[in-house]
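Per-entry structural report
Each chain, letter by letter, is given below.
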Amino acid sequence: MAFFSKLKNSLKGVREKWSGGISKLFSAKNFDADFWDNLEEQLIAGDTGLDFAEETIEFLKDEAKSKKLKTPAELKNIFVEKITGELNSVNGMGKSFELNKTPLILLMIGVNGSGKTTSAGKLATMYKNQGKKVIMAASDTFRAAAVEQLKIWGERSGVRVIAQGQGSDPAAVAFDAWKAAESSKADVLIVDTAGRLHDKHNLMEELKKIHRVLSREAGPERLETVLVLDSVLGQNSVAQAETFNNIIPVSSIILTKYDNTSKGGVVISIARKLRVPVRYIGLGEGAEDLNNFAPSEFANALMETEINP
Amino acid sequence: MFDALKEKLSAVFSKLGSKGKLSEADIDAALREVRRSLLEADVDFRVAKDFIAKVRERASQAEVLESITANERIAAIVYEELIALMGKSEPLIISPKPPTVILMAGLQGSGKTTTTVKLARQLKSSHNPLVVACDLRRPAAVEQLKILAENAKISFYGPEKNNQDVLEVVRGAKKFADAHMNDVIILDTAGRLHIDEELMTELKEIAEILPPHEKILVVDSMMGQEAVNSAKSFHELLSLTGLILTKLDGDARGGSALAIRAVTGVPVKFAGVGENTDALEIFSPERMAGRIMGMGDVQGLVEKVKAAGINEDAIKPAELSGKQFNLETLLKQFEQIEKLGPLDKLAGMIPGLDKIKNFSAEDVDANALKRNKAIIQSMTPAERHNPRIIKGSRRRRIAEGSGTSVQMVNQLLAQYEQMKKMFKTFSSNSRGGKGLKSLFGFGR
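The model shown is predicted, which means the values in this text are computed figures rather than measured ones.

What counts as what
Residues numbered from 1 in each chain as written. Chains lettered and ligands numbered in written order. Predicted model: local features only at pLDDT ≥ 70, side-chain atom pairs only at ≥ 80, totals over all residues. Heavy atoms only, no water. Contact = heavy atoms within 4.5 Å. Buried area = accessible area lost by both parts, 1.4 Å probe. Salt bridge = Lys/Arg side-chain N within 4 Å of Asp/Glu carboxyl O. Buried < 20%, exposed > 50% of the residue type's maximum accessible area, 1.4 Å probe, protein only. Helix = DSSP H or I, 4+ residues; strand = E, 2+ residues; numbered from the N terminus. Pairing = 2+ DSSP bridges. Core = buried A, V, L, I, M, F, W, Y, C linked by side-chain atoms within 4.5 Å. Axes fitted to C-alpha atoms, helices over the stretch in contact; angles between N-to-C directions.

The interface of chain A with chain B comprises 54 residues on the first partner and 42 residues on the second. Where chain A abuts chain B, roughly 4,600 Å² becomes buried across the two surfaces, and 58% of that area is made up of carbon and sulfur atoms. Remark: the boundary between chain A and chain B carries 4 salt bridges. The partner of Arg36(B) in a salt bridge is Asp51(A), with the nearest N and O atoms 3.1 Å apart.

Residues and elements named next belong to chain A. In terms of burial, strand S4 (residues 188-193) is a largely internal element, 6 of the 6 residues being buried. Every second residue of S4 is oriented toward a common face, with Val-188, Ile-190 and Asp-192 on one face and Leu-189, Val-191 and Thr-193 on the other, all of them buried. Pairing between strand S1 (residues 104-109) and S4: 5 bridges, direction parallel. Bridge assignment links Leu-106 to a residue of S4, and that residue is Ile-190. In the sheet, strand S2 (residues 134-139) pairs with S4 via 6 bridges, with the strands oriented parallel. The residue of S4 that forms the bridge with Met-136 is Ile-190.

Time to look at the nonpolar core. Counting 176 residues, the largest nonpolar core has Leu38(B) and Leu119(B) as its most contacted members. Apart from residues lying up to four places away in sequence, Leu119(B) is in contact with Leu92(B), Ile102(B), Met104(B), Ile186(B), Ile216(B), Ile244(B), Phe270(B) and Leu280(B). The next biggest cluster of nonpolar side chains, apart from the first, holds 24 residues, and it includes Ala124(A), Val134(A), Ala138(A) and Trp153(A).

Residues and elements named next belong to chain B. The strand order across the open sheet formed by 8 strands is S3-S2-S4-S1-S5-S6-S7-S8, and the pairing between neighbours is mixed. On the outer flanks of this sheet lie strand S3 (155-157) and strand S8 (280-282), each paired with one strand and no other. The average angle at which neighbouring strand axes cross in this sheet is 25 degrees, direction not considered. The pairing of strand S1 (residues 100-106) with strand S4 (residues 184-189) spans 5 bridges and is parallel. Along S4, the bridge assignment pairs Met-104 with Asp-188. In this fold helix H7 (residues 141-151) packs onto strand S2 (129-134), S3 and S4, with an angle of close to 165 degrees to the strand it touches most, S2. Together, S2, S3 and S4 form the strand contacts of helix H8 (residues 166-180), whose direction differs from that of S2 by roughly 165 degrees.

The next thing to look at is the sheet that holds S2(A). Residue and element names in this part refer to chain A. With mixed pairing, 8 strands are arranged side by side in an open sheet as S3-S2-S4-S1-S5-S6-S7-S8. Pairing within the sheet leaves two strands with one partner each, and these edge strands are strand S3 (160-162) and strand S8 (290-292). Mean inter-strand twist for the sheet, computed between neighbouring axes without regard to direction, equals 25 degrees. Sheet strands in contact with helix H7 (residues 146-157) are S2, S3 and S4, and its direction is about 170 degrees off that of S2.

Right under this line is the structure:
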């Protein structure tokens, strides 16, 4: 176990070096190799991915050189602006869904445990509080008690839930719900689907079917496909998002479980690659814990990781 | 083995030409690739750093530098060090004095509830486990556990309606277990975003009523760099005794597990590999190391074959010699392959299969196997032993009986003839080959 103790010691070293997080980092005296290495590690620690980290470092090095900056402190704003700018270049970033054409369908998709049902419940509560007419569809007919979970959310928020039994056809549930939303002139229809790992072919086909049915019935302009993404997830979620996007076009992202420790840095890569806006962030299990995503806050938070192992 | 990294390394080394001896700079270039692999697999960056230092030390030795297969040597060092870092897999702690209490903890959405039932199912063969719903916060979490437990025929204890007191549930579970002779109690606790005061108190109070022998953290294999920090705080609070890694049936490489093990020293005990409640495997460091480095899961495949009870003499080599090979033998083979489980999952375990041009796990058609089985099952014993007698009217009858078409029957028979020829040419104990591929639905 000598290696472990060695590891622990070196981790301790890292902790002492890092206790001040990014503000301390940018207060370094000059641009030495340590500064750049540390900055890169900070980005990696935020799950932004190695490619993005390396690219950002290159960019900042160029900036420092061309603008003849002397201290890292002068670079801090450039850094935050770069990330904010990149995110804001995506249409709809941090904005609410547009309710131009109603009923608007929010089709919630994502891997297991990302927080789809909870996000569906929060969105329902939000729209209900805005005085909108909301219907939810329990198209997660696979996971045990998923229908019950959504029904409880429906009771809490006073929203009608369209459901059939466990194991029924999710596309049929979605179809029924659309008919109900249409005839009752609802503003929003939220369709909760089963979690699926993106490499499961059959489940992805099932998702395609739900999307096809809704798109045909309601028209693509009324359909928002919302990818629900857990902010503690790592590099695999980029592959995840891309696979989902290849199956059915993802049009929005909700970042869940976004507390002060998880950074959700992967959304940068995903938003850049798919050009899809992150609209909301979810925090906690309370019905009101849903906020609009704020790119500048996100960029700052990314740099405030306290790297204490 | 570990092809992905080896390929990258040989690409690095091929740039160097035939200088013979590797320099420090060459090693640096190679180690950058190793680092990249680790970070792409979500290994904690601090752990990756230390790991690289360790590999560098070994790679800088003269014998490696002068070796003509330096890329393989370095890849092997990486593999060995990864296994060393993950430690040995350890069995579940079972208390000599029942009941054994197992506490399941973890972040929200990591898969605690499903894993609780999976674990109980594993224990069912030698114990009488009870699963207890202590997650009163997430709507319908209690129902979820109840339904899963009922389907798996496992005893369940949950709160009375409208009870929001976890401790009351735990006390009730203790009584229930006593009365029903449950010798293992598994507590499914509520998921957390992060460690808070409330959780600490709750878990401490639970431990006072039912002191856990095994405290397990359920970790999502898709987790990123935050994994170590969160596992560390759980460990500080609970003194964890084991980890269970979930969602390993996806394509996440699960590097976060390596880092958790390295930093906390808590062993990974099981791995969740599917949605069904029987999809839980004993964790293997070798397998995990291969996965992190992007190689196939050879060992997992071997184990699956063993677990399915397929042994070498199930089909006698003689049966595969041209003379005795008939449709009966083929049916036997189909049945054995079926026992291994879903074909798409198996395909993912075969190293290099993903690299075959135009092949994807999606192409594996489980129905082809089922269809072919049905066709043979619709034949009389005489037909199975002597397929030559199957002419037009028999083919029609078989097609109708198996719900297929004459064309499909023809296809199977043609493939059978091909295989028979193949076995004739090969030695009596060789198996498999091109013909098999299409029969199992691989080729298209």
